[in-house]
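The primary structure of each chain is shown beneath.
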Amino acid sequence: MMGSHARPLGAAVLRGWCKRCPNCGAGPMLSGYLTVREHCPVCMEELHHHHSDDGPAYLTVLIVGLLTAPLVAGAVTAFRPDPLVLTSVFSVGCVALALYLLPRLTGIMVALQWAKRMHGFGHPAE
């Protein structure tokens with residue numbers, strides 16, 4: 001990367017999963033449920049450069065769909081539940097899983113961009 005030191009991708013992604021600053025790991029990355037802070041309150045690393053947009057939502061839908069589709073098929077095959085029961089149980093499960101994953105995937109996307117120096121997260125001269 002033209003003389004710049006590499007940023008640790010694995011540590012950054014793990015910190016992003018934990019919704020922590022990808023630089024120090026101590027400061028919170030999010031100021032609300034999905035709002036990324038302008039900067040880390042601990043190390044003052046700027047976080048406003050991120051371009052996560054709809055990426056975390058797409059990944060959440062993909063993961064929830066890939067996890068629940070085989071479970072629904074297995075439940076139908078094994079238990080033959082009433083359709084209302086099946087819909088109720090899996091609707092609650094899908095919503096809960098999506099609400100759990102969405103801020104964590106946002107953190108991962110911001111951390112990935114930070115580690116790869118994308119969208120203004122670090123300049124080649126650093």
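Predicted, not measured: the structure shown is a model, and the values here were computed from it. (Residues numbered from 1 in each chain as written. Predicted model: local features only at pLDDT ≥ 70, side-chain atom pairs only at ≥ 80, totals over all residues. Heavy atoms only, no water.)

**Some details on helix α3 (residues 83–115)**
Its 33 residues give α3 an end-to-end C-alpha distance of 46 Å, which sits within 8% of 48 Å, the value for a rise of 1.5 Å per residue. A maximum bend of about 30 degrees is found in α3 at Leu101, where proline Pro103 lies one to four positions downstream. Just downstream of α3, Arg117 is the residue with a positive phi angle, here 55 degrees. (Helix = DSSP H or I, 4+ residues; strand = E, 2+ residues; numbered from the N terminus. Expected span 1.5 Å × (residues − 1). Bend = angle between axes of the 7 residues up to and from the residue.)

**Here's the deal with the UniProt feature "transmembrane region" (unreviewed entry) in the protein chain**
In the numbering used here, UniProt assigns the feature "transmembrane region" (unreviewed entry) to residues 57–78 and 84–102. In this annotation, residues 84–102 is assigned 100% helix and 0% strand; the end-to-end C-alpha distance for the span is 27 Å. (UniProt positions renumbered as here; feature names shortened; annotations may be inferred.)

**So, the packing of aromatic side chains**
Taken as a whole and assessed by the stated rule, the structure comprises 1 aromatic pair. Summarising the aromatic geometry, the rings of Trp17 and Tyr100 are spaced 6.1 Å apart at their centres and angled 70 degrees between planes, so their arrangement reads as edge-to-face. Here Tyr100 lies in helix α3 and Trp17 lies in helix α1 (residues 9–17), a separation of 83 residues in the sequence. Note on Trp17: relative accessible area 29%, which makes it partly exposed. Classification of Tyr100 as partly exposed rests on a relative accessible area of 40%. Here the basic side chain of Arg104 rests over the ring of Tyr100, its NZ or CZ set 3.9 Å away from the ring centre. (Phe/Tyr/Trp six-rings, centres within 6.5 Å; stacked < 30°, edge-to-face > 60°. Buried < 20%, exposed > 50% of the residue type's maximum accessible area, 1.4 Å probe, protein only. Lys NZ or Arg CZ within 6 Å of the ring centre and 35° of its normal.)

**Structural notes on the side chain of Thr106**
You can see Thr106 is positioned in helix α3. Among residues more than four places away in sequence, those in contact with Thr106 are Leu30, Leu34, Val36, Ser52 and Pro56. (Contact = heavy atoms within 4.5 Å.)

**What about the nonpolar core?**
Among the nonpolar cores identified, the biggest contains 10 residues, and these are Ala12, Met29, Leu30, Val36, Leu47, Val110, Ala111, Trp114, Ala115 and Phe121. With 4 residues, α3 is the single largest residue contributor to this core. (Core = buried A, V, L, I, M, F, W, Y, C linked by side-chain atoms within 4.5 Å.)

**Things to note about the side chain of Ser52**
Within the element layout of this structure, Ser52 appears in the loop between α1 and α2 (55–79). Engagement of the side chain of Ser52 in a polar contact is seen with the side chain of His50, the distance being 3.3 Å. When residues no more than four places from it in sequence are discounted, the contact partners of Ser52 are Thr106, Met109 and Gln113. (Polar contact = N/O pair within 3.5 Å; in protein donor to acceptor, adjacent residues only side chain to side chain.)

**Observations regarding the environment of Ala115**
You can see Ala115 is positioned in helix α3. In this structure, Ala115 is in contact with Arg7, Pro8, Leu9 and Ala12, ignoring residues within four places of it in sequence.

**Describing α2**
With 25 residues, α2 ought to run about 36 Å at 1.5 Å a step, and its terminal C-alpha atoms sit 36 Å apart, in line with that. Within the sequence span of α2, burial applies to Gly55, Pro56, Thr60, Val64, Thr68 and Ala75. Lining the buried residues of α2 we find α3. Positive backbone phi, at 50 degrees, marks Arg80, one or two positions downstream of α2.

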